[in-house]
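# Understanding the architecture of this molecule
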Amino acid sequence: YAPEYGFEVTLFDEEYDAQNGVAAIGTCISQGYAAIVICPTDPSALIPSIMEAKEAGIIVGMYSSELPEGYATTEYRDFMCGTDDIMCGEVAAETLMEAFPDGCNVVEVGGQSGHSAQIKRHDGFMSKINDSINVLDSKDCEAWASEDAMAIMEDFIVKYGEDIDAVYCHWDVGATGCIEALKAQGMNDVYMIGVDGCSVGYDQVKDGTQTLCIGQSFSQMTIDAFDCIKAITSGETLESDVVWTQLDIV
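Description of the structure in this document. Going along each chain's sequence as written, the residues are numbered from 1 onward. Totals for whole chains, interfaces and linings use every residue, but because this is a predicted model, local features are given only for residues with pLDDT of at least 70 and side-chain atom pairs only at 80 or more, for both listing and counting. Excluding hydrogens and water, the side-chain figures rest on all heavy atoms present in the structure.

## Some remarks on the nonpolar core
Within soluble globular proteins, side chains that are nonpolar tend to cluster in buried spots. Short version of the rule: The set of buried Ala, Val, Leu, Ile, Met, Phe, Trp, Tyr and Cys residues whose side-chain atoms join them within 4.5 Å is what this entry labels a nonpolar core. Here's how the labels work: a residue is buried when its accessible area is under 20% of the maximum for its type, exposed when over 50%, partly exposed in between, all with a 1.4 Å probe on protein chains only. Numbering goes from the N terminus for both helices and strands, where a helix is a DSSP run of H or I of at least four residues and a strand is a run of E of at least two. Contact between two residues is taken to exist if any of their heavy atoms lie within 4.5 Å; hydrogens are not considered.
With 22 residues, the main nonpolar core has Val109, Met153, Ile164, Val167, Cys178 and Leu182 as its most contacted residues. Elements supplying a minimum of two residues to this core: strand 4 (104–112), helix 6 (146–160), strand 6 (166–169) and helix 7 (172–184). Leave out the neighbours within four places in its chain, and leucine 182 touches Met153, Ile157, Val167, Met187, Val190 and Met192.

## Quick word on the layout of surface pockets
Rules: Grid points spaced at 1 Å and placed over the protein atoms alone form the basis of the search, with a cavity being a set where a 1.4 Å probe fits but cannot get out and a pocket an open set showing protein on both sides within 12 Å along at least five of seven lines. Lining residues have an atom within 4 Å of a point. Grid points are joined across faces, edges and corners, and a volume is the space filled by probe spheres set on the points. Each residue is assigned to one class: nonpolar for Ala, Val, Leu, Ile, Met, Phe, Trp, Tyr, Cys and Pro, charged for Asp, Glu, Lys and Arg, and polar for all the others, Gly among them.
Space inside the largest pocket adds up to approximately 1500 Å³. Where the lining of the largest pocket is concerned, the elements lending two or more residues are helix 2 (18–30), strand 1 (35–38), helix 5 (116–128), helix 7 and helix 9 (218–233). The element contributing the most residues to the lining of the largest pocket is helix 9, with 6 residues. The residue inventory of the lining of the largest pocket, partitioned by class, reads 29 nonpolar, 9 polar and 8 charged. Taken as a whole, the second largest pocket encloses approximately 190 Å³ of empty space. Taken together, 14 residues line the second largest pocket, and the ones lying closest to its centre are Pro68, Gly114, His115, Ser116 and Ile119. The element contributing the most residues to the lining of the second largest pocket is helix 5, with 3 residues. By residue class, the composition of the lining of the second largest pocket is 4 nonpolar, 6 polar and 4 charged.

## Some remarks on the pairing of strand 2 (residues 59–63)
Each regular strand shows side chains that alternate between the opposite faces of the sheet. Applied cut-off: One bridge is not enough; two strands pair if DSSP finds at least two bridges between them. A crossover counts as right-handed when, viewed with the strands pointing away from the observer, the path leading from the first strand over the helix to the second turns clockwise.
With 5 of 5 residues buried, strand 2 lies mostly within the body of the structure. Burial along strand 2 is two-sided: the residues Ile59, Gly61 and Tyr63 and Val60 and Met62 are all buried. Summarising the sheet, strand 1 and strand 2 pair through 4 bridges and their orientation is parallel. Among the inter-strand pairings, isoleucine 38 is bridged to a residue of strand 2, identified as methionine 62. With helix 3 (residues 47–55) bridging strand 1 and its parallel neighbour strand 2, the resulting β-α-β unit is right-handed. With 3 bridges joining them, strand 2 and strand 3 (residues 79–82) adopt parallel strand pairing. Across the sheet, the residue bridging to methionine 62 is methionine 80, located in strand 3.

## Some thoughts on the packing of aromatic side chains
Aromatic ring pairs are reported here in terms of the distance separating the ring centres and the angle at which the planes meet. Put simply, the test is: Aromatic pairing here means that ring centres of Phe, Tyr or Trp (its six-membered ring) are within 6.5 Å. Orientation follows from the plane angle: under 30 degrees is stacked, over 60 is edge-to-face, and everything else is tilted.
This structure, assessed with the given rule, holds 10 aromatic pairs. Ring geometry for phenylalanine 156 and tyrosine 160: centres 6.4 Å apart, planes at 55°, overall tilted. Remark: tyrosine 160 and phenylalanine 156 occur in helix 6; sequence separation between them is 4 residues, near one turn of the helix. Counting every residue linked through ring pairs, the aromatic cluster contains Tyr5, Phe7 and Phe226.

## Observations concerning the sheet that holds strand 6
Under the convention used in this document: An axis is simply a line fitted to the C-alpha atoms; with a helix, the fit covers only the stretch in contact. Between two such axes, the angle follows the N-to-C directions and lies from 0 to 180 degrees.
Sheet architecture is open: 6 strands sit in the order 5-4-6-7-8-10, paired in mixed fashion. Edge strands, defined here as strands with exactly one partner in the open sheet, are strand 5 (133–141) and strand 10 (247–249). Averaged over all pairs of adjacent strands, the angle between their axes in this sheet comes to 15°, without regard to strand direction. Across the sheet, helix 8 (residues 199–206) is in contact with strand 8 (212–216) and strand 10; its angle to strand 8 comes to roughly 155°.

## Section: the sheet that holds strand 2
The strands that make up a sheet are held in pairs by hydrogen bonds between backbone atoms, and each pair lies either parallel or antiparallel. Reading across from one edge, 1-2-3-9 is the order of the 4 strands in this open sheet, with parallel pairing throughout. The sheet terminates laterally at strand 1 and strand 9 (242–244), the two strands that pair on one side only. In this sheet, neighbouring strand axes are inclined to one another by 15° on average, regardless of whether the strands run parallel or antiparallel. In the packing of helix 3 onto the sheet, the strands contacted are strand 1 and strand 2, and the crossing angle to strand 2 comes to about 140°. Contacting strand 1, strand 2, strand 3 and strand 9, helix 9 runs over the sheet at an angle of about 160° to strand 3.

If you want it as structure tokens, here you go:
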């Protein structure tokens, strides 16, 4: 979408290391970028760098993930475009209760521990499930890495085995690791929920290994973020500094 807005975009990849994000923001400051849109590995670790960017007059937007509570203000960033991660958890719970009206046993494989998406996807899920849904166990990952999810799922299988009816995994690529762990034990009929809406998640729904993909429309988030940048650079006031993007339920 960059050419449509007259933007020139550079991509920096944190590679699951917040220090790479710190370095990237430093590069943007030194080279005089007009705007930075950040999807952080560790939002808290970037706060000092984000403040430096703001002080340098750079527009700062959050993408997909918000800053921690207390920092999610226009003092620290100009806007946030993303999905409501609380709602992701709620949809997971509602779908699970509909699929298992008589109840079930579920395990939760959380995302990166302490990440805003991990916290909200857990809280939304726990706030909606009723007494018929028995959460056997819940554990978060050290990073958004498939191998972390696989290791947690392997432990769950050792502990609970065939008692596991369903898995709620906070992200689709993590669900891939869970699916592999289940396949290795011949457990091919477990109800698998994943979040994000990446191609991996949709492919897993198509081939029947993942039951539900709660998708975030990153294309729409990009458009929303670019609209915010264009409005600010044009001297307009944003109607809201938070833009929620509608979920895709597949």
